[in-house]
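Each chain, written out:
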Amino acid sequence: MKADEIRAMILEVIQEILPDEDVSNLKSDVRIRDQIEMDSMDFLDMIMELRKRYGITVPEDDYMELSTLDGAVAYLEPLMKDI
């Protein structure tokens, strides 16, 4: 997967978890949780959805890497290069 595809996939997952939130205007370099009503359980749901859909396991120590869209794309891109 390429960076733009990963970004779209992340936004799709967030939209499924939080259907009432507008994710179309999320800033790439600002913490996602600071922009929308996403609590820690919602964030964990996002992590679990990545595992379920793509077999990607994110260690708890790396959760902060996924706090922004830019960070999430940068972290996931090497893991999803063959998907």
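Residues numbered from 1 in each chain as written. Predicted model: local features only at pLDDT ≥ 70, side-chain atom pairs only at ≥ 80, totals over all residues. Heavy atoms only, no water.

Asks: Please clarify how the layout of surface pockets should be interpreted in this entry.
Replies: Vacant regions in the atomic arrangement are exposed by a probe of water-molecule size rolled over the atoms. Counted as a void, the largest pocket has a volume near 160 Å³. Arg31, Ile32, Arg33, Ser40, Phe43, Leu44, Tyr63, Met64, Leu66 and Ser67 are the residues that line the largest pocket. Examining the composition of the lining of the largest pocket, we find that three residues originate from one element, helix α3 (residues 40-54), more than from any other. Residue composition of the lining of the largest pocket, grouped by class: six nonpolar, two polar and two charged. (1 Å grid on protein atoms, 1.4 Å probe; cavity = no way out; pocket = protein on both sides within 12 Å on 5 of 7 lines; lining within 4 Å. Points joined across faces, edges and corners; volume = space filled by probe spheres on them. Helix = DSSP H or I, 4+ residues; strand = E, 2+ residues; numbered from the N terminus. Nonpolar A, V, L, I, M, F, W, Y, C, P; charged D, E, K, R; others polar.)

Asks: Just checking my understanding: could you explain the packing of aromatic side chains for this structure?
Replies: Pairs of aromatic rings are described using the distance from one ring centre to the other and the angle between the two planes. According to the stated counting rule, one finds one aromatic pair in the structure shown. When the ring of Phe43 is compared with that of Tyr63, the centres are 6.0 Å apart and the planes differ by 70 degrees; the resulting orientation is edge-to-face. Of the two residues, Phe43 sits in helix α3 while Tyr63 sits in the loop between α3 and α4 (69-79), which places them 20 residues apart along the sequence. Grouping residues by exposure puts Phe43 and Tyr63 together as buried. (Phe/Tyr/Trp six-rings, centres within 6.5 Å; stacked < 30°, edge-to-face > 60°. Buried < 20%, exposed > 50% of the residue type's maximum accessible area, 1.4 Å probe, protein only.)

Asks: Looking at this structure, how should I read helix α1 (residues 3-17)?
Replies: Each full turn of the α-helix corresponds to 3.6 residues, which orients residues three or four apart in the same direction. For α1, spanning 15 residues, the distance from its first C-alpha to its last is 21 Å, which sits close to the expected 21 Å at 1.5 Å a residue. Where α1 is concerned, the buried positions are Ile6, Met9, Ile10, Leu11, Val13 and Ile14. The elements touched by buried residues of α1 are α2 (32-35), α3 and α4. (Expected span 1.5 Å × (residues − 1). Contact = heavy atoms within 4.5 Å.)

Asks: For this particular structure, what's the right way to read the nonpolar core?
Replies: Note that soluble globular proteins tend to have their nonpolar side chains buried in a common cluster. Counting residues in each nonpolar core, the largest one holds 26 residues, and the members touching the most others are Ile10, Ile14, Leu66 and Leu76. Of all the secondary structure elements, the ones that give two or more residues to this core are α1, α3 and α4. Here this core gets six residues from one element, more than from any other, and that element is α1. Among residues more than four places away in sequence, those in contact with Leu76 are Ile6, Met9, Ile10, Leu50, Ile56 and Leu66. (Core = buried A, V, L, I, M, F, W, Y, C linked by side-chain atoms within 4.5 Å.)

Asks: Which parts of the structure should I look at to understand the packing of α1 against α3?
Replies: The description of two packed helices rests on the angle between their axes and on the distance between the axes. Contact geometry of α1 with α3 gives a least axis separation of 10 Å together with a crossing angle of 125 degrees. With respect to each other, α1 and α3 are oriented oblique. Between α1 and α3 lies a crossing of right-handed hand. When α1 is examined against α3, the residues Met9, Ile10, Glu12, Val13, Ile14, Glu16 and Ile17 are found in contact with a partner set consisting of Asp42, Asp45, Met46, Glu49, Leu50, Arg53 and Tyr54. Looking at the contact of α1 with α3 residue by residue, the class counts come to eight nonpolar, no polar and six charged. (Axes fitted to C-alpha atoms, helices over the stretch in contact; angles between N-to-C directions. Parallel < 35°, antiparallel > 145°, perpendicular 65-115°, else oblique. Left-handed = near helix turned anticlockwise from the far one by under 90°.)

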